[in-house]
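The residues making up each chain are set out below.
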Amino acid sequence: MVKPTICSHLSAITELRVASDYVCEECIKTGDSWVHLRTCQTCGTTLCCDSSPNKHATKHFRASEHPVVASAEPGERWLWCYADEQMAEY
C-alpha cells in the first residue's frame, strides 16, 4: 500500500502551536458562540471552525493566507491545510 504524500505546508510544521485559552479570539470580542476551535500554525491565533456561525478560522486563512490550522479540541490530534485541502494526524 502506497502512503499518500502530504503537502509542503503540512510537512513544514515542526513545532505545534497550541491554544493559550479555549476561546475563539474573534467571537469573544462580540459575545458570539462557537462550536469547535482551530489554532493557526503560522501565528497561533485560535478561532472557530466552519461548523460555527462566524467561521473565523476560514476567514483568517482567506485574509492572511496562513495555510495550516490544528484542532484545538481536547483529544483531537490533526492538522488541516486550507491551501491544499489536506489533513494530517500527528
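Residues numbered from 1 in each chain as written. Predicted model: local features only at pLDDT ≥ 70, side-chain atom pairs only at ≥ 80, totals over all residues. Heavy atoms only, no water.

Asker: Break down the packing of aromatic side chains for me, with residues and values.
Answerer: Taken as a whole and judged by the stated rule, the model has 1 aromatic pair. Ring geometry for Phe61 against Tyr82: centres 4.9 Å apart, planes inclined by 10°, an arrangement best described as stacked. Of this pair, Phe61 sits in helix H3 (residues 56-64) while Tyr82 is found in the loop between strand E4 (78-81) and strand E5 (86-89), placing the two residues 21 residues apart along the sequence. Looking at Tyr82, the relative accessible area reads 16%, which means it is buried. (Phe/Tyr/Trp six-rings, centres within 6.5 Å; stacked < 30°, edge-to-face > 60°. Helix = DSSP H or I, 4+ residues; strand = E, 2+ residues; numbered from the N terminus. Buried < 20%, exposed > 50% of the residue type's maximum accessible area, 1.4 Å probe, protein only.)

Asker: Quick one: what's the story with the pairing of strand E3 (residues 68-71), residue by residue and with numbers?
Answerer: Where a strand is regular, its side chains alternate between the two sheet faces. The alternating pattern of E3 places Val68 and Ala70 and Val69 and Ser71 on opposite faces, both of which are buried. As defined by bridge partners, strand E1 (residues 37-40) adjoins E3 across 3 bridges and the pair is classed as antiparallel. Paired with Cys40 across the bridge in E3 is Val69. By the bridge criterion, 3 bridges tie E3 to E4 in an arrangement that is antiparallel. Residue pairing across strands places Ala70 opposite Leu79, the latter belonging to E4. (Pairing = 2+ DSSP bridges.)

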